[in-house]
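# Inside the fold
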Amino acid sequence: MNTKPTGISTPTYNSILKEISLIYENAQSEGDGNWNKTTLFAHWKIGERIVEVEQGQKERAAYGDMVLKQLSKDLNRKFGKGFSDRNLRYMRKFYQVYKLKEVKTQLSWSHYRELLLLDDPAVRLKLESQAIREGWSRDDLLKRVKLALADKTEKSELKSENEPIKDRLKRP
């Protein structure tokens, strides 16, 4: 652990690693019975911390992915699964897209990961509300997200008609 990724100081890296570890450990130790709420809060807080560190640096693009990959390695080594660099990018985007008070605990982290594929806040909110009201599973929501993305793409002249839908899904 504590390997220094290029572009970020060792103390800064060690600080974010320690803070994310504490957020996760605190979430695991909370025994109030609402694991989903605790998980969503922890992922939002981890995303917040990642964004704070990135904003403190001058050129995020130059080192951001390297830092997330190293964090992924170190966190997975410490805690096991759940900290892929993709999942860390989702946590970052979760914080950027949602205010904590807007997070609905009726939806799981898996639901929110699918909603984050949508750039349009109005479409995202509509599908979020429908998923809660109709009790959609993550797979049900993903089907609607794909349809929304396909509809958006059909309206756009920038995308080829022959491009598979999987290539149009936008991962953070």
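Notes on the structure follow. (Residues numbered from 1 in each chain as written. Predicted model: local features only at pLDDT ≥ 70, side-chain atom pairs only at ≥ 80, totals over all residues. Heavy atoms only, no water.)

### Thoughts on the overall build of the chain
Rules: To qualify as a helix, a DSSP run of H or I must reach at least 4 residues; to qualify as a strand, a run of E must reach at least 2; elements of each kind are numbered from the N terminus. The classification of residues rests on relative accessible area computed with a 1.4 Å probe and restricted to protein chains. Under 20% of the type maximum is buried, over 50% is exposed, and intermediate values are partly exposed. By definition in these notes, contact holds between two residues if any of their heavy atoms fall within 4.5 Å. Note on areas: Shrake-Rupley, 1.4 Å probe, and residue coverage restricted to the protein chains presented here.
Counting its regular elements, the chain contains 8 helices and 0 strands. Helices and strands appear in the chain in the N-to-C order α-α-α-α-α-α-α-α. Residues classed as buried in the chain amount to 40% of the 172 residues present. Put simply, of all contacts in the chain between residues at least 6 apart along the chain, 62% involve residues at least 24 apart. Carbon and sulfur atoms provide 48% of the accessible area of the chain, an area that totals close to 10,000 Å².

### A look at the pattern of salt bridges
Test applied: We count a salt bridge whenever a side-chain nitrogen from Lys or Arg sits within 4 Å of a carboxyl oxygen from Asp or Glu.
The tally for this structure, following the rule as stated, stands at 10 salt bridges. Two residues, Arg49 and Glu52, come together in a salt bridge whose shortest N-O distance is 3.5 Å. Taken together, the residues Arg49 and Glu52, both in helix α2 (residues 35–55) and 3 residues apart, mark about one turn of the helix. Several salt bridges share partner residues, and in doing so they unite Glu19, Arg49 and Glu52 into one network.

### Regarding the packing of aromatic side chains
Test applied: To pair, rings of Phe, Tyr and Trp, with the six-membered ring standing in for Trp, must have centres within 6.5 Å; the planes then decide the type, stacked if under 30 degrees apart, edge-to-face if over 60, and tilted in the middle.
What the rule picks out here adds up to 8 aromatic pairs. Aromatic pair Phe94 and Tyr98: ring centres 5.6 Å apart, planes at 55°, arrangement tilted. The burial state of Phe94 is the same as that of Tyr98; both residues are buried. Taken together, a centroid distance of 5.1 Å and an interplanar angle of 75° make the contact between Phe94 and Trp109 edge-to-face. Taken together, the residues Phe94 in helix α4 (residues 85–97) and Trp109 in helix α5 (residues 109–115) connect sequence positions 15 residues apart. Phe94 gets classed as buried once you look at its relative accessible area, which sits at 0%.

### Thoughts on the environment of Trp35
Along the polypeptide, Trp35 turns up in helix α2. Along the chain, Trp35 and Ser108 lie 73 residues apart, while their C-alpha atoms are 9.8 Å from each other.

### Focus on the packing of α2 against α4
Note the following rule: To get an axis, fit a line to the C-alpha atoms, keeping to the stretch in contact for a helix; angles then go from 0 to 180 degrees between the N-to-C directions. These descriptions rest on fixed angle ranges, namely under 35 degrees for roughly parallel, over 145 for roughly antiparallel, 65 to 115 for roughly perpendicular, and the rest for oblique. Residues were grouped as follows: Ala, Val, Leu, Ile, Met, Phe, Trp, Tyr, Cys and Pro as nonpolar; Asp, Glu, Lys and Arg as charged; and all remaining residues, including Gly, as polar.
With their axes 7 Å apart at the nearest point, α2 and α4 run at an angle of 90° to one another. Between α2 and α4, the interaxial angle falls into the category roughly perpendicular. Counted together, Leu40, His43, Trp44, Ile46, Gly47, Glu48, Ile50, Val51 and Glu54 of α2 and Leu88, Met91, Arg92, Phe94, Tyr95 and Gln96 of α4 form the full contact between these two elements. Tallied by class, residues from the contact of α2 with α4 come to 9 nonpolar, 3 polar and 3 charged.

### Examining the packing of helix α1 (residues 10–29) against α2
Remark: α1 packs on α2, axes separated minimally by 9 Å, with the N-to-C direction vectors making an angle of 170°. Classified by the angle their axes make, α1 and α2 are roughly antiparallel. Here Thr12, Ser15, Ile16, Glu19, Ile20, Ile23, Ala27 and Gln28 of α1 come into contact with α2, specifically with Trp35, Thr38, Ala42, Lys45, Ile46, Arg49, Ile50 and Val53. Of the residues that constitute the contact of α1 with α2, the class distribution is 9 nonpolar, 4 polar and 3 charged.

### Some words on the nonpolar core
Operational definition: As used here, the term nonpolar core means buried Ala, Val, Leu, Ile, Met, Phe, Trp, Tyr and Cys residues forming a set that is joined through side-chain atoms within 4.5 Å.
Within the largest apolar cluster, 40 residues are counted, with the highest numbers of intra-cluster contacts made by Leu71, Phe83, Leu88, Phe94 and Tyr112. Contributing elements (two or more residues each) for this core: α1, α2, α3 (60–79), α4, α5, α6 (121–134) and α7 (138–155). Ranked by residues supplied to this core, first place goes to α1 with 7 residues. Dropping the residues within four chain positions of it, Leu71 is found in contact with Tyr13, Ile16, Leu17, Ile20 and Leu88.

### A word on the side chain of Glu48
What counts is decided by this rule: Identification of polar contacts relies on pairs of N or O atoms within 3.5 Å, with a donor-acceptor requirement for protein atoms, meaning one able to donate a hydrogen and the other able to accept it, and with residues adjacent in sequence counted only if both atoms are side-chain atoms.
Looking at where Glu48 falls in the secondary structure, it is placed in helix α2. A polar side-chain atom of Glu48 sits 2.8 Å from a polar atom in the side chain of Lys45.

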